[in-house]
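Coordinate inspection notes
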Amino acid sequence: DGGITQSPKYLFRKEGQNVTLSCEQNLNHDAMYWYRQDPGQGLRLIYYSQIVNDFQKGDIAEGYSVSREKKESFPLTVTSAQKNPTAFYLCASRGEGGGFVYQPQHFGDGTRLSIL
Amino acid sequence: SQQGEEDPQALSIQEGENATMNCSYKTSINNLQWYRQNSGRGLVHLILIRSNEREKHSGRLRVTLDTSKKSSSLLITASRAADTASYFCATAALSGNTPLVFGKGTRLSVIA
């Protein structure tokens, strides 16, 4: 079955540590996204990539970094510069068929990051 | 930036009742989409309505769009306990190739 896989499901970060969240998709989608969700809140865009080897900052990119070396993969690194990283992180992708603007976003099941 | 604002923030109803959620947005859009999120899970796409459409149905879901008021509503008829989730609207910009912008969501609780 096609879909998006995020790992790990739970992640703990120590002070001063960088951690990397994995996102893999087998939907052959060009566009991929990272969102942060705080309790009772909506989704805030961290970074997005519309094609391999290219990505753009979203609304809250400070303290985060990404790479897009392969179409299938869009890992997110939460750096030590992100002072409040505790949140639920969601990865999504979006395809082109039938017109990009009419395509829904497909989401993984998230990674919950906590501070030790 | 969050464009969609859902109303109410939380809604609690009895099984069998209808649930209505509203979404308002600020700028012109190409289309508006509704998503559902079960607790601790990712979002799942429910329905898309284009800017030139006024109403759309999918099973027990009915979505309306009023572009003059920049608002949309999602109606779930004959609610079931399994409909308990958060519901988000998301807008697609006219330019088309920018990310969807999500609202803060409505938490729906359906009591059996």
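Everything that follows concerns the structure shown earlier in this document.
Summary of the structure given here. On a predicted model such as this, the values are computed, not experimentally measured, just so you know.

Considering all chains together, one arrives at nine aromatic pairs over all chains under this definition. Seen in terms of ring centroids, Tyr35(A) and Phe107(A) are 5.9 Å apart; in terms of plane orientation they differ by 35°. Their pairing is tilted. With Tyr35(A) in strand 4 (residues 31–37) and Phe107(A) in strand 10 (residues 106–107), the pair connects residues that are 72 residues apart, well separated along the chain. Judged by its relative accessible area of 1%, Tyr35(A) is buried. Taking relative accessible area as the criterion, Phe107(A) reaches 12% and is therefore assigned buried. Among the aromatic side chains, those forming a connected cluster through ring pairs are Tyr33(A), Tyr35(A), Tyr48(A), Phe107(A), Tyr35(B) and Phe102(B). Above the ring of Phe74(A), the side-chain terminus of Arg68(A) is found at 5.9 Å from the ring centroid. Stacked on the ring of Tyr102(A), the Lys or Arg Arg50(B) has its end atom at 3.7 Å from the ring centre.

Glancing now at a nonpolar patch on the surface. A surface patch of nonpolar side chains, about 380 Å² in accessible area, is lined by Tyr10(A), Phe12(A) and Leu116(A). Mapping Leu116(A) onto the fold places it in the segment after strand 11 (111–115).

One widely used convention gives an interface's size as the accessible area the parts lose upon coming together. Of the residues lining the interface, 26 residues belong to chain B; the matching set on chain A comes to 26 residues. Of the roughly 2,000 Å² buried at the junction of chain B and chain A (both faces included), carbon and sulfur atoms supply 51%. When the buried surface of chain B facing chain A is broken down by residue, Leu43(B), Pro99(B) and Phe102(B) rank first, second and third, together holding 23% of it. On the surface where chain B and chain A come into contact, there are one salt bridge. For Asp109(A), the salt bridge identified is with Arg41(B), shortest N-O distance 2.9 Å. Linking chain B with chain A are six residue pairs in polar contact (both at pLDDT 80 or more). At the level of elements, strand 4 (29–37), strand 5 (43–50) and strand 9 (85–93) of chain B are the ones that each hand at least two residues to the side of chain B that touches chain A. With five residues, strand 4 of chain B is the single largest residue contributor to the side of chain B that touches chain A.

We now examine the sheet that holds strand 8 (residues 76–78) of chain A. Residue and element names in this part refer to chain A. With antiparallel pairing, the four strands of this open sheet are ordered in space as 1-3-8-7. The open sheet has two edge strands with one neighbour each: strand 1 (4–7) and strand 7 (64–66). Going from strand to strand, the sheet's axes swing by 20° on average, the running direction of each strand aside. In this sheet, strand 8 lies alongside strand 7 in antiparallel orientation, the contact comprising three bridges. By the bridge assignment, Ser65 is partnered in strand 8 with Thr77.

We now examine the layout of surface pockets. Empty space among the atoms becomes apparent when a probe as large as a water molecule is rolled across them. Put simply, the largest pocket is a space of about 520 Å³. What lines the largest pocket is a set of 28 residues, and nearest its centre among them are Gln37(A), Pro39(A), Gly40(A), Gln41(A) and Ser86(B). When residues of the lining of the largest pocket are traced back to their parent elements, those giving at least two are strand 9 (87–94) and strand 11 of chain A together with strand 1 (5–7), strand 9 and strand 11 (106–111) of chain B. It is strand 11 of chain B that contributes the most residues to the lining of the largest pocket, four residues altogether. In the lining of the largest pocket, the residues fall into seven nonpolar, 15 polar and six charged. There is about 250 Å³ of room inside the second largest pocket. Lining the second largest pocket are 17 residues, and of these Phe107(A), Gly42(B), Leu43(B), Val44(B) and His45(B) sit closest to its centre. Broken down by element, the lining of the second largest pocket gets its largest block of residues, four residues, from strand 5 of chain B. Across the lining of the second largest pocket, the residue classes tally to seven nonpolar, seven polar and three charged.

For the rest of this paragraph, the subject is the environment of Tyr64(A). Residue and element names in this part refer to chain A. Looking at the element boundaries, Tyr64 is found in strand 7. Residue Tyr64 is classed as buried on the basis of its relative accessible area, which comes to 5%. A C-alpha to C-alpha distance of 9.7 Å links Tyr64 and Thr20, two positions 44 residues apart in sequence. With near-sequence residues (within four places) excluded, Tyr64 lies in contact with Arg36, Ile46, Tyr47, Leu76, Thr77, Val78, Thr79, Gln82 and Tyr89. Within the structure, Tyr64 has its side chain in polar contact with the side chain of Arg36 (distance 2.9 Å).

Reading the values: the criteria
- Residues numbered from 1 in each chain as written.
- Chains lettered and ligands numbered in written order.
- Predicted model: local features only at pLDDT ≥ 70, side-chain atom pairs only at ≥ 80, totals over all residues.
- Heavy atoms only, no water.
- Phe/Tyr/Trp six-rings, centres within 6.5 Å; stacked < 30°, edge-to-face > 60°.
- Helix = DSSP H or I, 4+ residues; strand = E, 2+ residues; numbered from the N terminus.
- Buried < 20%, exposed > 50% of the residue type's maximum accessible area, 1.4 Å probe, protein only.
- Lys NZ or Arg CZ within 6 Å of the ring centre and 35° of its normal.
- Patch = residues over 30% accessible without salt bridge, like charges linked within 9 Å, V, L, I, M, F, W, Y side chains within 5 Å.
- Areas by Shrake-Rupley, 256 points an atom, 1.4 Å probe, with all protein chains shown as cover.
- Salt bridge = Lys/Arg side-chain N within 4 Å of Asp/Glu carboxyl O.
- Contact = heavy atoms within 4.5 Å.
- Buried area = accessible area lost by both parts, 1.4 Å probe.
- Polar contact = N/O pair within 3.5 Å; in protein donor to acceptor, adjacent residues only side chain to side chain.
- Pairing = 2+ DSSP bridges.
- Axes fitted to C-alpha atoms, helices over the stretch in contact; angles between N-to-C directions.
- 1 Å grid on protein atoms, 1.4 Å probe; cavity = no way out; pocket = protein on both sides within 12 Å on 5 of 7 lines; lining within 4 Å.
- Points joined across faces, edges and corners; volume = space filled by probe spheres on them.
- Nonpolar A, V, L, I, M, F, W, Y, C, P; charged D, E, K, R; others polar.

Everything listed here is a matter of geometry and, on its own, says nothing about what the molecule does.
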